[in-house]
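What the coordinates show
Residue-level listing of the chains:
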2 protein chains.
Amino acid sequence: MSEQKIPYKIYLEESEMPSQWYNVRADMITKPAPLLNPATHEPMTANELEMVFCKELVKQELDNESRYIDIPEKIRNFYKMYRPSPLVRAYCLEEKLQTPAKIYYKFEGNNTSGSHKLNSAIAQAFYAKEQGLRGVTTETGAGQWGTALSMACAYLNLDCKVYMVKCSYEQKPFRREVMRTYGASVTPSPSDTTAVGRRILAEHPGTTGSLGCAISEAVEVATQTEGYRYVLGSVLNQVLLHQSVIGVEAKTAMDKYGVKPDIIIGCAGGGSNLGGLISPFMGEKLRGEADYRFIAVEPASCPSLTRGVYAYDFCDTGMVCPLAKMYTLGSGFIPSPNHAGGLRYHGMSSILSQLYHDGYMEARSVEQTSVFEAAEQFARVEGILPAPESSHAIRAAIDEALKCKETGEEKTILFGLTGTGYFDMIAYEKFHNGEMQDYIPTDADLQVGFDGLPKF
Amino acid sequence: MSEQKIPYKIYLEESEMPSQWYNVRADMITKPAPLLNPATHEPMTANELEMVFCKELVKQELDNESRYIDIPEKIRNFYKMYRPSPLVRAYCLEEKLQTPAKIYYKFEGNNTSGSHKLNSAIAQAFYAKEQGLRGVTTETGAGQWGTALSMACAYLNLDCKVYMVKCSYEQKPFRREVMRTYGASVTPSPSDTTAVGRRILAEHPGTTGSLGCAISEAVEVATQTEGYRYVLGSVLNQVLLHQSVIGVEAKTAMDKYGVKPDIIIGCAGGGSNLGGLISPFMGEKLRGEADYRFIAVEPASCPSLTRGVYAYDFCDTGMVCPLAKMYTLGSGFIPSPNHAGGLRYHGMSSILSQLYHDGYMEARSVEQTSVFEAAEQFARVEGILPAPESSHAIRAAIDEALKCKETGEEKTILFGLTGTGYFDMIAYEKFHNGEMQDYIPTDADLQVGFDGLPKF
């Protein structure tokens, strides 16, 4: 491989941008397990799913065979507004670490949502619009997904109702205002706008909400309001499909310069970014055409892959959604208040869970103080202020690069830098002030979640 | 001009990035007036300036003849980390406005400082390092300049002492933490770390500070600490020189596609972004090789070009800096608390002042509610959440595009989108809640500032 003249940043030409998403399920020998109806424990049918999700998205959700799925022109045009995202050669980080490793990262933070979430938000909003819907509903915790969806809906002139976990709504007013700038209605959850919200408020008058409750409210509004559907920012097969634009762009850019990664690293919460990044590479590995090491990095405080069980579980804490087979800590597991909100999910994408289960992917967990050390080191040499979530991948990439320094191996490392940390400065402040703690659940803590798994 | 196949975003190749800054002073028939020693009213000599500024920067400050000045390789490498910035064709805005105008913007917000300030920060930090200095001092208000300088200093391993106006320090803790992430020391001003700070604290115990006071503290520390110099983020000739990288890139990208702008628009506070954007285009106009309309846009609440006088004035409210000839509202003018902190400067770059005075550039002022209307309209179709400062240029660009809609003219408009508004959500919130007011100073308000002008 020729390493000459590789620029600091590789931007594909518009003509080189992907025209198709890559569906890694087509290459999987063991397909991801289907979603189950929580009442019957039978696989969810398309008809059942279409009560909640848009028709075309249900089709994508259930399609385990088509390797390539065309990206509609209107979505491609939206992608042109903020994509291609740069593939960056981390020359400065390499120099700082004095490593023979070659480090690349695919940076998804150069858009107003501040993360990769926009890649799926525009797709989901587009299909809702195509179906003639009036709007969509969703929940948001830290707010990146809600922001992305608001942006997509503003572009398509689609109504957007966001249920935002009440404590985030109050603690992150700036995120809320970004969504309002894009015309979304943002309701703190639990609220009195839904039956489930009113019930929870009656039972727990002082509650500051939870993601599970916000999902329940959003699903209720979507299913009971004419012309609305519910959309979700991670976990689902369709979301990984849309996020494959990350991996396809990255692979195209690397192929263009004759570079082949040895190790591909991503942070993993619900799995959307990692799944998207690795898709076309994993396809090659599954087909036996190439070999790569894939590493999923998760917080030690919420270790679904490294310490969870592989079982059917509820996707939400409210237990209103279908059951998914995944590595899970149990929908009743409450992660400690770490600062990577986007990684505080009890489960993991069924696709990634199956791939991990079948030995195609590794996983490791890291503690947040070491994550913020990596984040600060990265920011100072590479300029970009990374999100806490993304910094999990930075931590692992630095660790792998330091191993190369010891062994002298010139490995090529690719990691996903999913977003920026502008709205996470409270966490950075705690880190600077030495007030940040690490949380590692005990086996007893985990048992509580496992005990709540559905039994059948 | 062929308009075919113009992509949404034009990124120059690394090989096409500027290797030289463009010094528009070389083309000016009437050169900008020199800085004067406030005691003697004689032009500041290089020796005098070198007490405060780095040697090479003083050379650049005084060089009215060299049209091109080489960008050192280390600075070019730093530029490669976040540049080239995209030249964006605003297809979506054009469609929304239903205008025949062709709108382009040069987007400088895709870096962690969130603005164009980094272009000069790295240059000033580099020359400080080259001179063997230990560190630099500066002041910051809203924090964009301080962030940019912190990033540049972290990259070069140079100490960075930032004096941040106390009310901003307290109201914008996130900005402060970004600077700390990059290793800068951030001191709320006035502070007890300087003689001038202690004097002001004794005289005004409850003061929340001012930019003028912060400048005075930064200058005191720079001139009284071995191995330190003071650096400034706007107004000075050297800063406009460094910012010419914006204009050179924009012109290279437009030339590549055979596009020639009719109108070039930028917001104007101290003038660094506008001066940088227009430099190579203005050079052509001054040499009679091409014609362009240039429009400086300023807040109605701080209208230095449109309602100020052209006179020698202090650059700072503390009156410790040299006198500059510029359009000014008087260093004692206190602008109303509008939300475009970066445009709340009483004066204007001497270069731009002279060009405006000589009729080469137009100026207009706009009110902030109409600025935020434009910002929100822009965000919803173009995706990017603009800074309030940058949105002044958006307002004028939209107004010009709407004029084209009336006349049917297919004009090509280029404007500078200097930065993002992630740290300005309090202002957006006020706008959303209908709590934003417009401030237009009365003639009597302005007279107070004019009365304080130095008389000689």
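Heads up: these notes are all about the structure in this document. Since this is a predicted model, take the numbers as computed values, not measurements.

1. Thoughts on the overall build of chain A
Check the secondary structure of chain A and you find 18 helices and 15 strands. Relative to the 2.2 N^0.38 estimate, which gives 23 Å for 456 residues, the radius of gyration of chain A is 21 Å and therefore close to what a compact globule would have. Dimensions of chain A, computed from the C-alpha atoms along their principal axes, are close to 60 × 50 × 45 Å. For chain A, with 456 residues in total, the buried portion stands at 66%. Within chain A, contacts between residues at least 6 apart in sequence are counted, and of these 77% link residues at least 24 apart. For chain A, the accessible area works out to roughly 15,700 Å², and carbon and sulfur atoms hold 49% of it. Taking the average place of the 44 positive charges on the side chains of chain A and the average place of its 55 negative ones, the gap between the two points comes to 3 Å.

2. Looking at the sheet that holds strand β10 (residues 263-267) of chain A
All names here are of chain A. In spatial order, the strands read β1-β4-β5-β15-β10-β11-β14; together these 7 strands make up an open sheet with mixed pairing. Looking at the sheet topology across the chains shown, the edges are occupied by β1 (9-10) and β14 (362-366). Sheet topology places strand β11 (residues 293-299) next to β14; 5 bridges connect them, and they run parallel. In the sheet register, Val 297 faces β14, and the bridge partner there is Arg 364.

3. Topic: empty space enclosed by the protein
One pass over the full model with this rule turns up 9 cavities of 30 Å³ or more. For the largest cavity, the calculated volume is near 480 Å³. Residue lining of the largest cavity: 43 residues in total, with Phe 107 and Asn 110 of chain A together with Gly 109, Asn 110 and Asn 111 of chain B positioned closest to the centre. Of all elements in the fold, only α3 (73-82) and β5 (102-107) of chain A together with α3 (73-82) of chain B reach the threshold of two or more residues within the lining of the largest cavity.

4. A look at the packing of aromatic side chains
Applying the stated criterion to the full structure yields 37 aromatic pairs over all chains. Considering the side-chain rings of Phe 423 of chain A and Tyr 422 of chain B, the 6.0 Å spacing of their centres and the 80° angle between planes classify their relative orientation as edge-to-face. With Phe 423 of chain A in the loop between β15 (412-417) and α17 (425-432) and Tyr 422 of chain B in the loop between β15 (412-417) and α17 (425-432), this residue pair bridges two chains. The exposure classification of Phe 423 of chain A matches that of Tyr 422 of chain B, with both residues buried. Where Phe 372 of chain B meets Phe 431 of chain B, the ring centres are 5.8 Å apart and the plane angle is 35°; that geometry is what we call tilted. Remark: Phe 431 of chain B occurs in helix α17 and Phe 372 of chain B occurs in helix α15 (residues 368-382); sequence separation between them is 59 residues. When sorted by exposure, Phe 372 of chain B lands in the same class as Phe 431 of chain B, which is buried. In this structure, Arg 176 of chain B packs its charged tip against the face of Tyr 169 of chain B, placed 4.7 Å from the ring centre. When the ring centre of Tyr 292 of chain B is taken as reference, the NZ or CZ atom of Lys 260 of chain B above it lies at 4.6 Å.

5. Quick notes on the state of the cysteines
Per the counting criterion, the structure on display carries 0 disulfides over all chains. In this structure Cys 321 of chain A is not part of a disulfide, and its nearest cysteine sulfur, from Cys 315 of chain A, lies 6.1 Å away. Between Cys 160 of chain B, a free cysteine, and Cys 153 of chain B, which holds the nearest cysteine sulfur, the sulfur-to-sulfur gap is 4.1 Å. Take Cys 160 of chain B: its relative accessible area is 2%, and that puts it in the buried class.

6. Some remarks on the interface of chain A and chain B
The partner chain B presents 43 residues to the 43 residues of chain A that form the contact. Both faces considered, chain A and chain B share a buried interface measuring about 4,100 Å² in area, 58% of it formed by carbon and sulfur atoms. The interface formed by chain A and chain B holds 2 salt bridges in total. Between Glu 429 of chain A and Arg 176 of chain B there is a salt bridge, and its shortest N-O distance comes to 2.9 Å. At the boundary of chain A and chain B, one finds 20 residue pairs in polar contact (both at pLDDT 80 or more). The set of elements that each furnish at least two residues to the side of chain A that touches chain B consists of α3, α6 (144-156), α8 (173-181), α15 (368-382) and α17 of chain A. Among the elements that take part in the side of chain A that touches chain B, α8 of chain A stands out by supplying 6 residues, more than any other. A breakdown of the residues in the side of chain A that touches chain B according to their chemical character gives 22 nonpolar, 9 polar and 12 charged.

7. Side note on the pattern of salt bridges
Inspection of every chain in the model, using the stated rule, returns 54 salt bridges over all chains. Across the pair Arg 176 of chain A and Glu 177 of chain A runs a salt bridge, and its minimum N-O distance is 3.5 Å. Accessibility assignment for this pair places Arg 176 of chain A and Glu 177 of chain A in one class, buried. Residue Glu 50 of chain B is joined to Lys 55 of chain B by a salt bridge in which the shortest nitrogen-to-oxygen separation is 3.7 Å. One salt-bridge network, held together by shared partners, links Arg 293, Glu 362, Arg 364, Glu 400 and Lys 403 of chain A.

8. A look at the relation of the copies chain A and chain B
Mapping chain A onto chain B leaves a residual RMSD of 0.0 Å; the transformation is a rotation of 180° accompanied by 0.0 Å of translation along its axis. This pairing of chains is accounted for by a two-fold axis. Across chain A, the rotation axis passes nearest the C-alpha of Asn 110 of chain A, at a separation of 3.1 Å. A shared interface surface links the copies, since 100% of the contact residues of chain A are contact residues in chain B too.

9. A short note on the layout of surface pockets
Space left empty within the atom packing is revealed by a probe, the size of a water molecule, rolled over the atoms. Within this model, the second largest pocket holds a volume of roughly 610 Å³. Within the residue set of the lining of the second largest pocket, elements represented by two or more residues are α4 (91-97) and α15 of chain A together with α3, α5 (118-130), α6 (144-156) and β7 (159-165) of chain B. Top element by residues in the lining of the second largest pocket is α6 of chain B. It accounts for 5 residues. By residue class, the composition of the lining of the second largest pocket is 13 nonpolar, 5 polar and 7 charged.

10. Brief notes about the pairing of β7 of chain B
All names here are of chain B. Buried residues dominate β7, accounting for 5 of its 7 residues. Bridge analysis of β7 against strand β8 (residues 185-189) gives 5 bridges, and the strand direction is parallel. By the bridge assignment for β8, Tyr 163 is matched with Thr 187.

11. What to know about unusual backbone geometry
A cis amide bond, omega -5°, links Arg 83 of chain A with the succeeding residue Pro 84 of chain A. Relative to the elements of secondary structure, Pro 84 of chain A occurs in the loop between α3 and β4 (87-89). Cis geometry marks the peptide bond from Ser 189 of chain B to Pro 190 of chain B; its omega dihedral reads 5°. With respect to the helices, strands and loops of the structure, Pro 190 of chain B is situated in the loop between β8 and α9 (195-203). Phi is positive for His 41 of chain B, which is not a glycine, with a value near 65°. One can find His 41 of chain B in the loop between β2 (20-22) and α1 (46-49).

12. Some words on the packing of α5 of chain B against α6 of chain B
Residues and elements named next belong to chain B. With their axes 8 Å apart at the nearest point, α5 and α6 run at an angle of 45° to one another. When the axis of α5 is compared with that of α6, the two are oblique. α5 and α6 meet at a crossing whose hand is right-handed. Of the residues in α6, those in contact with Leu 118, Ser 120, Ala 121, Ile 122, Gln 124, Ala 125, Phe 126 and Lys 129 of α5 are Trp 145, Ala 148, Leu 149, Met 151, Ala 152, Cys 153, Tyr 155 and Leu 156.

13. Description of α17 of chain A
In an α-helix, one turn spans 3.6 residues, which is why side chains three or four residues apart end up on the same side. Looking only at α17 of chain A, the buried set comprises Met 425, Ala 427, Tyr 428 and Phe 431 of chain A. Mapping the buried residues of α17 of chain A onto a view down its axis gives an arc of 150°, with all of them on the same face. On its buried face, α17 of chain A is in contact with α15 and α16 (388-407) of chain A together with α8 (173-181) of chain B.

14. So, the sheet that holds strand β6 (residues 135-140) of chain A
One key point about sheets: their strands pair by backbone hydrogen bonds, in either a parallel or an antiparallel sense. All names here are of chain A. Within the open sheet, the 4 strands sit side by side as β8-β7-β6-β9. Their pairing is parallel. The open sheet has two edge strands with one neighbour each: β8 (185-189) and β9 (228-230). For this sheet, the mean inter-axis angle between neighbouring strands, taken without regard to orientation, is 25°. Direction of pairing for β6 relative to β9: parallel, over a ladder of 3 bridges. Its bridge partner lying in β9, Gly 135 is registered against Tyr 228. Strand contacts of α8: β6, β7 (159-165) and β8, with the helix running at about 170° to β7, the strand carrying the most contacts. Contacting β6, β7, β8 and β9, helix α10 (residues 211-224) crosses the sheet at an angle of about 170° to β6.

The rules behind the values
Residues numbered from 1 in each chain as written. Chains lettered and ligands numbered in written order. Predicted model: local features only at pLDDT ≥ 70, side-chain atom pairs only at ≥ 80, totals over all residues. Heavy atoms only, no water. Helix = DSSP H or I, 4+ residues; strand = E, 2+ residues; numbered from the N terminus. Rg over C-alpha atoms; globule rule 2.2 N^0.38 Å. Buried < 20%, exposed > 50% of the residue type's maximum accessible area, 1.4 Å probe, protein only. Contact = heavy atoms within 4.5 Å. Areas by Shrake-Rupley, 256 points an atom, 1.4 Å probe, with all protein chains shown as cover. Lys, Arg positive; Asp, Glu negative; His and termini not counted. Charge placed at Lys NZ, Arg CZ, Asp CG, Glu CD. Pairing = 2+ DSSP bridges. 1 Å grid on protein atoms, 1.4 Å probe; cavity = no way out; pocket = protein on both sides within 12 Å on 5 of 7 lines; lining within 4 Å. Points joined across faces, edges and corners; volume = space filled by probe spheres on them. Phe/Tyr/Trp six-rings, centres within 6.5 Å; stacked < 30°, edge-to-face > 60°. Lys NZ or Arg CZ within 6 Å of the ring centre and 35° of its normal. Disulfide = S-S within 2.5 Å. Buried area = accessible area lost by both parts, 1.4 Å probe. Salt bridge = Lys/Arg side-chain N within 4 Å of Asp/Glu carboxyl O. Polar contact = N/O pair within 3.5 Å; in protein donor to acceptor, adjacent residues only side chain to side chain. Nonpolar A, V, L, I, M, F, W, Y, C, P; charged D, E, K, R; others polar. Least-squares fit on C-alpha atoms with pLDDT ≥ 70 in both. Axes fitted to C-alpha atoms, helices over the stretch in contact; angles between N-to-C directions. Parallel < 35°, antiparallel > 145°, perpendicular 65-115°, else oblique. Left-handed = near helix turned anticlockwise from the far one by under 90°. Arc of directions from axis to C-beta.

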